[in-house]
Amino acid sequence: MEVFYQRDLVTKEGNGRVPKDAYVVNVVAILRGTDYPNSHVIMSGDIDSRASNTMDFEIDAPGANDNASGMAGTIEAARVLSKYKFKHSIAFVGLSGEEQGLFGGAGLARYAQENEWEIVGILNNDMIGNIEGVDGVIDNRTFRIFSEPTPANETEQERRSRRFTGGEVDGISRQLARYIHKQVKTYMPEMNPMMIYRLDRFGRGGHHRPFNDLGFAGVRIMEAHENYNRQHQDIRVEDGIEYGDVIEGVNFDYAEKLTSVNAISLAGLAWAPPAPKNVRIGGAVRPSTTLAWEESNDPNVAGYKIYFRLTTSPTWDSFVYVSGVNEHTLEGIVIDNYYFGVAAVGKDGNESAVVFPFRQIRR
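Residues numbered from 1 in each chain as written. Predicted model: local features only at pLDDT ≥ 70, side-chain atom pairs only at ≥ 80, totals over all residues. Heavy atoms only, no water.

S.K.: So what about the overall build of the chain? Which residues, and what values?
M.R.: A count of helical and extended segments in the chain gives 7 helices and 17 strands. Relative to a compact globule of 363 residues, whose C-alpha radius of gyration would be 21 Å, the chain shows 21 Å and is just as compact. Here the C-alpha coordinates of the chain stretch approximately 65 × 45 × 40 Å along the principal axes. The burial tally for the chain puts 51% of its 363 residues in the buried class. A sequence separation of at least 24 residues applies to 75% of the contacts in the chain between residues at least 6 apart. Looking at the chain as shown, the accessible area adds up to about 17,100 Å², and 50% of this sits on carbon and sulfur atoms. Of the charged side chains in the chain, 38 are positive and 49 negative; the average position of the first set lies 6 Å away from that of the second. (Helix = DSSP H or I, 4+ residues; strand = E, 2+ residues; numbered from the N terminus. Rg over C-alpha atoms; globule rule 2.2 N^0.38 Å. Buried < 20%, exposed > 50% of the residue type's maximum accessible area, 1.4 Å probe, protein only. Contact = heavy atoms within 4.5 Å. Areas by Shrake-Rupley, 256 points an atom, 1.4 Å probe, with all protein chains shown as cover. Lys, Arg positive; Asp, Glu negative; His and termini not counted. Charge placed at Lys NZ, Arg CZ, Asp CG, Glu CD.)

S.K.: Describe helix α3 (residues 103–114), and please don't skip the residues or the numbers.
M.R.: For α3, spanning 12 residues, the distance from its first C-alpha to its last is 16 Å, which sits close to the expected 16 Å at 1.5 Å a residue. Within the span of α3, buried status applies to Phe103, Gly104, Gly105, Gly107, Leu108, Ala109 and Ala112. Those residues of α3 that are buried lie in contact with β1 (2–10), β2 (22–31), β4 (88–96), α2 (98–101), β5 (118–125) and α6 (209–213). (Expected span 1.5 Å × (residues − 1).)

S.K.: With reference to specific residues and values, describe the packing of aromatic side chains.
M.R.: Scanning the entire structure with this criterion turns up 14 aromatic pairs. By way of ring pairs, the aromatic residues Phe4, Tyr111 and Trp117 are connected into one cluster. Over the face of the ring belonging to tryptophan 316 we find arginine 309, whose NZ or CZ atom lies 4.5 Å from the ring centre. (Phe/Tyr/Trp six-rings, centres within 6.5 Å; stacked < 30°, edge-to-face > 60°. Lys NZ or Arg CZ within 6 Å of the ring centre and 35° of its normal.)

S.K.: Would you mind going over the layout of surface pockets in detail, with residue names and values included?
M.R.: By volume, the largest pocket amounts to about 1,400 Å³. At the level of elements, β3 (36–47), β5, α4 (156–165), α5 (172–187) and β11 (277–282) are the ones that each hand at least two residues to the lining of the largest pocket. Considering every element that reaches the lining of the largest pocket, the biggest residue donor is α4, with 4 residues. For the lining of the largest pocket, the residue count by class is 21 nonpolar, 13 polar and 10 charged. What lines the second largest pocket is a set of 24 residues, among which Pro19, Ala22, Val24, Gly97 and Gln100 lie closest to the centre. Here the lining of the second largest pocket gets 4 residues from one element, more than from any other, and that element is β2. Residue composition of the lining of the second largest pocket, by class: 14 nonpolar, 5 polar and 5 charged. (1 Å grid on protein atoms, 1.4 Å probe; cavity = no way out; pocket = protein on both sides within 12 Å on 5 of 7 lines; lining within 4 Å. Points joined across faces, edges and corners; volume = space filled by probe spheres on them. Nonpolar A, V, L, I, M, F, W, Y, C, P; charged D, E, K, R; others polar.)

Right, dumping it as structure tokens:
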């Protein structure tokens, strides 16, 4: 793998959680793709921890779950997947400065944009090792996938168009979340993925957000039941309650499961052909719906799946498979009652993420 450091200088001025000017350094390891080396699927963890006082950089703050668990998962996924070859590149990254203001993610997102990376999506892993929630629930199978509904940098024209055509929950990050959900239901049916229709937890943030800000697909993968006594806390005992993010609070079997969730999602996306481009839709005032897209020049593309679902369904529930064409009409399927999307299917069966048709067919 190609390993390098990416860094940016962050100054104290204007940053309330930065006690002194310092370089925020990210670690990047790229498993270069064979067919699309500039197309990247990213898995990230955070190289950070904090105490009760964010500005206290001297007290012991091990950060075992937040976020050594995500970082360990990223390293383990890199170890396993590096034994294989993939069409797209996979980047395994350790991002710094998350607790201070998402500086590492912002720096790498800018780097990717400036270097014209194509990003299939980023899977941000932040706290993947706790099964004992402060709500009293113990659950070693359920986890959350956070995703925002539409890109943060969409244009006003795109927003106005969506008002009349739909797609309020069908942005690229939401499609990435659905892809992960489907991979888990297919290959790890014992797990219970929860798609959370939020950018992140209420009023909080994570390192996928800077990528979302620049228009890249990104989600956060994490435990379902958090234990706030073990987050952002000085190590201590008060009234019989143990506080602090220590290693005894990490369930390694659960962290292994969520690492596997990442591995099967990364592999599926990196083996799949590129997602269809220029996907369009038509069918107003007709008893049928037509989807059209740009024909791929990838010889490994076997065909396409045209997915559709009821507008209230969170997942793509039905599909029609076609090959040798770049347009297809679904007879008897009224456009008003469903949402639609198209995915490319490789000869090995791996699929791209679904592309939602925000553009209409104009003839």
